[in-house]
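Residue-level listing of the chains:
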Amino acid sequence: MMEDYPRNLAEFERFFATDEVCRDYLMHLRWPIGFRCPRCGGGKFWPQRVILLHCAACDYQSSVIAGTIFQDTHAPLTLWFRAMWYITSQKNGTSALGLQRILGLGSYRTAWAWLHKLRRAMIRPGRDRLRGRVEVDETFVGGEEDGVRGRRRGDKSLIVVAVEVEGRRVGRIRLRSIPDASAASLHSFIGDSIEPGSTVHTDGWQGYKGLEQKGYTCETSVIGKQPKDAVKLLPHVHLVVALLKRWLLGTHQGAVSRAYLAYYLDEFTFRFNRRKSKSRGKLFYRLVEQAVTTPPVPFDQLVPVEKSASPAKPQGIGDT
Ligand SMILES: [Zn+2]
């Protein structure tokens, strides 16, 4: 199957009217050269109760959704497909409350869990690293917006941002939540996110020292105490940070707890790096494709052991 996806809502509704069609779509993406029985390797099977596949040769029963983020779901596949379509067709995504409303889900908890499961599928492991000219800087997100300059943590979360610069334009991005702005944290992020041989442009913070020995060309702009200097000297990274903060405050009303920040960064990256896609359907396709290759996350693992992070109704805490 070539990359085949609906281009608009009308096509989406025509494509994915039944659970059987959704199942077949998942199968095509999960087994591009065809399903094989995991026990005997046979290619002949018949579907049962939509998601089960019964091997004609050895009677082994496997499932289309086992081992994917959809594992153990009791909801119809059509509903999951509508969730994925809605999430990707909205330019800025949606909150759990928004998803609950649009799908008519009975529980906020379900909408919350679905969004978090889908976020896990938004980052493809082993994706290419950034290359060429890359601006890197750290910033605080969450907590109060006060424009504090420095590397103190307070109640905010520190993130590091890398942005490819293509002429005057912004290319791809990578984001990571980091415990501190030490060389260990920053070098590890840069090693994972940027191809050696690239030019890394920073403000010269000591945590960036020593990158030359790891194969990077370093460019430093020393920044004064005024935040606007940073905007001038690392303009692309600061544009991305401004968009990220607007997204967290807008779509999610700023109610993103530290425990989940990394997954929101993944969603933002997923959207940002595909912002020039001609069709929103392509984002949908990517999300479904990655959802069938992303291992399942049981609900209790979606919820870290942290009191403020439980999926409560959005009354000022947790994730909305
Ligand atoms: Zn078999």
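Reference entry: report on the structure contained in this document. (Residues numbered from 1 in each chain as written. Predicted model: local features only at pLDDT ≥ 70, side-chain atom pairs only at ≥ 80, totals over all residues. Heavy atoms only, no water.)

Scanning the chain for helices and strands turns up eleven helices and eight strands. The burial tally for the chain puts 48% of its 320 residues in the buried class. At a minimum sequence separation of 6, the contacts of the chain that also span at least 24 residues come to 61%. Looking at the chain as shown, the accessible area adds up to about 15,900 Å², and 52% of this sits on carbon and sulfur atoms. (Helix = DSSP H or I, 4+ residues; strand = E, 2+ residues; numbered from the N terminus. Buried < 20%, exposed > 50% of the residue type's maximum accessible area, 1.4 Å probe, protein only. Contact = heavy atoms within 4.5 Å. Areas by Shrake-Rupley, 256 points an atom, 1.4 Å probe, with all protein chains shown as cover.)

Protein ligation of the zinc ion involves C37 (SG), C40 (SG), C55 (SG) and C58 (SG), the donor distances falling in the range 2.3 Å. Around the zinc ion, the four donor atoms are arranged such that angles at the metal cover 101 to 112 degrees; this shape is classified as tetrahedral. (Donors = N, O, S within 2.8 Å, 3.2 Å for Na, K, Ca; no water. Tetrahedral: all angles 85-135°; square planar, octahedral: opposite > 155°, others 65-115°.)

With mixed pairing, five strands are arranged side by side in an open sheet as 6-5-4-7-8. Each edge of the open sheet carries a strand with a single partner, namely strand 6 (169-177) and strand 8 (217-220). Neighbour to neighbour, the strand axes of the sheet diverge by 25 degrees on average, direction disregarded. Of the strands in this sheet, strand 4 (133-141), strand 5 (157-166), strand 6 and strand 7 (199-202) touch helix 6 (residues 183-193), which is tilted by about 130 degrees from strand 6. (Pairing = 2+ DSSP bridges. Axes fitted to C-alpha atoms, helices over the stretch in contact; angles between N-to-C directions.)

Take the sheet that holds strand 3 (residues 61-63) next. If you walk across this open sheet you meet the three strands as 1-2-3, and the pairing is antiparallel. Lying at the two open borders of the sheet, with one neighbouring strand each, are strand 1 (45-48) and strand 3. Between one strand axis and the next, the sheet turns by 30 degrees as a mean value, whatever way the strands run. In this structure, strand 2 (residues 52-55) lies alongside strand 3, joined through three bridges in antiparallel fashion.

Here the focus is the packing of aromatic side chains. Each pair of aromatic rings is reported with the distance of its centres and the angle of its planes. As enumerated under the stated definition, the model contains 21 aromatic pairs in all. Aromatic pair F16 and F284: ring centres 5.7 Å apart, planes at 50 degrees, arrangement tilted. Of this pair, F16 sits in the loop between helix 1 (9-15) and helix 2 (19-30) while F284 sits in helix 10 (residues 280-291); the two residues are 268 residues apart in sequence, bridging distant segments of the chain. When sorted by exposure, F16 lands in the same class as F284, which is buried. A connected cluster of aromatic rings, assembled from ring pairs, spans F12, F15, F16, Y25, F81, W85 and F284. (Phe/Tyr/Trp six-rings, centres within 6.5 Å; stacked < 30°, edge-to-face > 60°.)

Attention shifts here to the packing of helix 4 (residues 96-103) against helix 5 (residues 108-120). Pairs of packed helices are described in terms of their axes, by the angle between the two and the distance that separates them. Where helix 4 contacts helix 5, the axes come no closer than 8 Å and their chain directions differ by 115 degrees. In terms of orientation, helix 4 and helix 5 fall into the roughly perpendicular class. You can see that helix 4 and helix 5 cross each other, and the crossing is right-handed. Contact residues: helix 4 offers A96, L97, L99, Q100 and L103, while helix 5 offers Y108, A111, W112, W114 and L115. Partitioned by chemical class, the residues of the contact of helix 4 with helix 5 number nine nonpolar, one polar and no charged. (Parallel < 35°, antiparallel > 145°, perpendicular 65-115°, else oblique. Left-handed = near helix turned anticlockwise from the far one by under 90°. Nonpolar A, V, L, I, M, F, W, Y, C, P; charged D, E, K, R; others polar.)

Assignment of secondary structure puts E11 in helix 1. Taking relative accessible area as the criterion, E11 reaches 12% and is therefore assigned buried. A distance of 2.9 Å separates a polar atom in the side chain of E11 from the backbone nitrogen of R7. Non-local contacts of E11, meaning those with residues more than four positions away in its chain, are made with Y5 and P6. (Polar contact = N/O pair within 3.5 Å; in protein donor to acceptor, adjacent residues only side chain to side chain.)

To continue, consider the environment of G167. Tracing the chain through its elements places G167 in the loop between strand 5 and strand 6. Taking relative accessible area as the criterion, G167 reaches 64% and is therefore assigned exposed. The spacing of G167 and R133 is 34 residues in sequence and 9.0 Å in space, taken between C-alpha atoms.

The subject of this paragraph is the environment of G197. Residue placement: G197 occurs in the loop between helix 6 and strand 7. Given a relative accessible area of 55%, G197 falls into the exposed group. Taking the C-alpha atoms as reference points, G197 and G215, 18 residues apart in sequence, are found 5.6 Å from one another. If sequence neighbours within four positions are ignored, G197 has contacts with G215 and Y216.

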